[in-house]
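# Per-entry structural report
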Amino acid sequence: MRFSSLLLSAILLPALGAAELEYRFLPEKGGWHVSANTPYDIPEEYWYEISPEGNSVLLRAERNNQTALTLENTVAAPGNYTLSGELRSQSDPGARFKVTFGGDNPDYRVWRGPDTRGTPEAREAQKHAMWIERQSRELASGNSDGQWRKFQLTFLVPDAGNCTNCGRNRRFDHIFMTFLPVSDHEQAMTRNMELELRNLKLTGPGEISQPPPTPKKAAGQKPPAKRAETAKPENPGNLFDARPMLKSGSMRNPPFPPEGRLTHEQLIRLNPDFFIRPIFRYPPEQERKYSSYLRFPPVASSRGPFAAATIYDGKFYGICRNGKQSELCEYDPASGKWRTLWRNTAPESIDNYPYGNGNVPLLHTGAVIWSGYGGIPANGGAPAPLPDFFRRPGTYALLGRQLYAVGPGPGQLLKFKPNGRPDQPLVLDRQNLPPDKFEGIWSYPDSRTLLAQAGSRLYEIQPATGMVRRKLQFYEIPRIIDTPLGHILTLRQDYPALLTVDGGPGQSLLLIAGPPNFIPGIRVLPGAADRNLPPKLKPLGLKGQYLLLQAECHRLLLINLVRPERSLMLRGIGFGRFHLPPDGNALWLEGEDALYEIAPRGGWGSRPDSQEGVTIEDIRLEQLGAARLDPSLALQQTYASDADLFRVRPVQKGKRQVLEFTAEKIPFECRVSLQFAPELTAGKSLRLVFKPEKIMRQLPALRIGEGTNSGSAPPAADGTVTLRSGSGLVELILEKSDQPVTFTIDTVLISKGKEFLR
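None of these values were measured; they are calculated from a predicted model.

Along its length, the protein carries 9 helices and 55 strands. Taking all 758 residues of the protein together, 50% fall into the buried category. A separation of at least 24 residues holds for 64% of the contacts in the protein among residues at least 6 apart in sequence. Working note: accessible area of the protein is about 37,100 Å², and carbon and sulfur atoms make up 49% of it.

A sheet is described by the order of its strands in space; here 5 strands give the open sequence 46-49-54-51-52, paired in antiparallel fashion. Sheet topology places strand 46 (635-640) and strand 52 (712-713) at the edges, where each strand pairs with a single neighbour. As defined by bridge partners, strand 51 (residues 702-705) adjoins strand 54 (residues 729-734) across 4 bridges and the pair is classed as antiparallel. Bridge pairing in strand 54 links Leu 702 to Leu 734.

The predicted model of the protein averages 78 in pLDDT, with 82% of residues at 70 or higher. In the predicted structure, residues 216-234 sits below a pLDDT of 50 and forms 21 contacts with residues beyond four places in sequence or in another chain. Here residues 349-359 is modelled with pLDDT under 50, and outside its nearest four sequence neighbours on either side it reaches 25 contacts, counting other chains as well.

Position of Gln 698 among the secondary structure elements: in helix 9 (residues 695-698). Classification of Gln 698 by relative accessible area gives partly exposed; the value is 37%. In this view, Gln 698 contacts Pro 692 and Val 741; residues no more than four positions away in its chain are not counted.

Right, let's get into the pattern of salt bridges. Counted by the stated rule, this structure contains 29 salt bridges. The salt bridge involving Arg 281 is made with Asp 593; its shortest N-O contact spans 3.2 Å. Here the residue Arg 281 occupies a position in strand 16 (residues 274-281), and Asp 593 occupies one in the loop between strand 42 (587-591) and strand 43 (594-600), the gap between them amounting to 312 residues. The class of Asp 593 is buried, set by a relative accessible area of 7%. Lys 752 serves as the salt-bridge partner of Glu 622, at 3.6 Å between the closest nitrogen and oxygen. Separated by 130 residues along the polypeptide, Glu 622 in helix 6 (residues 616-624) and Lys 752 in the segment after strand 55 (741-751) bring together distant segments of the chain. The exposure class assigned to Glu 622 is exposed, which follows from its relative accessible area of 55%. Connected through shared salt-bridge partners, Glu 49, Arg 60, Arg 191 and Glu 194 make up one network.

Moving on to the pairing of strand 34 (residues 499-502). Of the two faces of strand 34, the one lined by Leu 499 and Val 501 and the one lined by Thr 500 and Asp 502 are each fully buried. As paired elements, strand 34 and strand 35 (residues 509-513) share 4 bridges and run antiparallel to each other. Bridging across to strand 35, Leu 499 finds its partner in Ala 513. Linking strand 34 back to strand 35 in an antiparallel pair, the connection comprises 6 residues, with Gly 504 at a positive phi of about 115°.

Further remarks concern the sheet that holds strand 23 (residues 374-377). Taken in spatial order, the 3 strands line up as 21-22-23 in an open sheet, and their pairing is antiparallel. Only two strands of the sheet have a single neighbouring strand rather than two, namely strand 21 (363-364) and strand 23. In the sheet, strand 21 pairs with strand 22 (residues 368-371) via 2 bridges, with the strands oriented antiparallel. Paired with His 364 across the strands is Ile 369, a residue of strand 22.

What counts, and where the lines are drawn
- Residues numbered from 1 in each chain as written.
- Predicted model: local features only at pLDDT ≥ 70, side-chain atom pairs only at ≥ 80, totals over all residues.
- Heavy atoms only, no water.
- Helix = DSSP H or I, 4+ residues; strand = E, 2+ residues; numbered from the N terminus.
- Buried < 20%, exposed > 50% of the residue type's maximum accessible area, 1.4 Å probe, protein only.
- Contact = heavy atoms within 4.5 Å.
- Areas by Shrake-Rupley, 256 points an atom, 1.4 Å probe, with all protein chains shown as cover.
- Pairing = 2+ DSSP bridges.
- pLDDT = per-residue confidence, 0-100.
- Salt bridge = Lys/Arg side-chain N within 4 Å of Asp/Glu carboxyl O.

Now the structure itself:
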């Protein structure tokens with residue numbers, strides 16, 4: 001039999017009238033210890049739990065006289081001492097606390113002490129050794145419905161007085177109280193006894209203090225494993241300045257603590273800028289090994305980590321190992337209960353699970369849960385096998401309860417029945433279909449639209465109507481990352497220097513990092529060109545004002561897009577996948593030892609306003625070395641020799657102004673003169689773009705010049721005319737016209753230098 005102890009703690013509050021001690025369970029102080037008497041190699045940590053606030057402790061026992069919780073204190077005066085608090089039971093009826101009270105004086109501890117026993121000092125101390133006879137009482141737990149109820153116990157510390165022979169003080173200065181869970185129906189128990197105490201306070205007539213911590217090592221016991229680092233007083237919190245990282249594109253010294261499991265209290269102190277809540281903890285490997293020896297094994301002893309997982313309707317679903325088998329489990333955070341929906345009865349380990357690496361997520365449709373094993377009914381039952389070609393993400397997608405997959409032909413999608421069998425190819429709009437086979441499809445949450453990829457082109461497809469719309473075309477083949485926060489697109493497999501987020505059906509892509517002129521036609525977040533993300537950072541999505549990244553060591557980075565110097569890093573929690581909870585206000589991280597809920601304490605903030613990105617026309621202007629000249633601002637004067645026959649007027653076309661010319665049937669020469677601001681055109685060239693481009697077929701007698709002394713020429717075949725005098729004067733000469741005609745100067749360009757580059 002092994003009987004060892006683990007020291008816990010108490011803190012002393014300022015005395016007001018009578019002395020009062022309010023207990024807290026902090027590992028670095030003394031005053032409490034928990035002991036568990038068990039024949040198995042099971043650590044004491046299994047038999048108790050401490051609340052995150054440190055004000056309550058839950059004792060667990062599978063039989064009587066197994067787990068004990070002891071309070072030890074030093075008192076200064078005799079009298080009545082009162083212990084008050086609250087207790088509750090989460091056990092079978094009949095479970096209760098047996099409370100034992102006792103005490104002794106300094107001479108007793110010298111006489112019976114393990115280091116002084118049998119010495120001359122001990123024989124001398126024996127003459128004056130005294131102890132308080134142990135008193136036992138019982139605290140009924142009441143109902144086993146988990147309801148708290150108050151209790152109060154009073155104990156007398158007698159006045160021992162002085163020795164009548166030598167006058168030596170024999171005052172009792174040490175008292176203890178032990179709480180032991182017991183039950184009258186030990187053999188009939190169907191679960192562990194679980195009794196919990198909280199808000200314990202000890203009051204008395206004199207000063208009450210706690211003894212210093214005295215951890216003891218049991219014979220043959222190995223020293224406890226060293227915990228990972230705790231937060232130091234100078235801990236800077238979670239803030240870090242991301243500007244150097246974004247400027248250099250490297251993160252040479254990631255400021256993360258070493259690997260290791262941390263207690264909830266340690267995580268709270270390491271992460272003052274985050275709200276952190278463990279939803280459930282995975283049992284360590286040691287607990288999985290000894291769980292078979294327990295009379296009442298823990299309900300979720302084999303669950304976690306998971307090969308694949310998802311969130312649906314506020315519940316967590318995961319495929320996990322159970323011995324040599326694997327099973328699909330459901331966890332309800334509201335009730336804390338697990339349920340096994342399906343168990344693989346084949347004698348195979350989860351290593352043989354087709355998608356054990358987690359690349360293909362678990363997908364829940366409400367009636368069927370799709371996984372590598374097939375479509376498993378949500379209410380339980382044998383799965384319908386998936387088609388053989390479902391081997392990687394992007395080959396199939398779910399909309400509602402309908403499964404869609406990439407078809408074998410060009411621009412073809414297949415629809416599948418709920419049992420996983422092909423139904424029929426979708427009838428799509430052939431006019432807008434790509435000539436190549438789709439490489440992947442993804443669904444938009446809460447919509448009726450699919451996102452499909454064919455080479456460098458992206459398409460939006462509505463299966464119900466067959467409508468196909470091209471969303472965007474890249475210069476390179478993009479990589480699409482599907483996350484709970486949406487679709488992320490990059491142009492390189494391992495280098496997210498160019499990062500965009502899909503805005504949703506009918507919405508433009510949003511450029512977060514990279515040169516705006518690389519992908520024309522998308523919206524851009526301010527500062528995107530200055531964000532140079534380091535290699536091998538995995539983008540997770542955009543939430544509020546934060547860009548979520550996963551570093552190489554599986555740590556979470558929140559890059560503040562508004563104030564990068566106020567970015568956040570999550571310390572002490574490495575994770576693989578993440579999920580969005582039902583309210584969407586936090587993240588659920590599948591950590592190394594638990595499923596955590598986290599959120600910044602200051603909130604996620606608002607996404608910064610985006611702005612129009614670079615268009616294809618902007619790129620062409622850059623290649624020409626030109627800028628657009630707005631006629632509404634630059635045109636100073638117009639003149640028409642015969643305004644009733646040949647005239648000009650400004651017309652609004654979209655967001656810009658064009659010049660519209662109207663010519664009647666003209667038997668003789670007519671002129672229209674335009675004077676642009678000379679201070680803008682001096683030393684530069686002008687280029688006029690006419691619409692329609694083949695204006696010369698309609699008006700072969702049209703000439704464009706820069707005044708009577710500069711000559712004139714017809715528009716080129718592409719409908720453009722370049723003028724190089726720099727005077728800003730443009731003359732349109734129409735010698736004659738056989739029929740009425742209308743045309744426009746659609747665009748006026750001005751060179752940045754003396755000449756256009758092309």
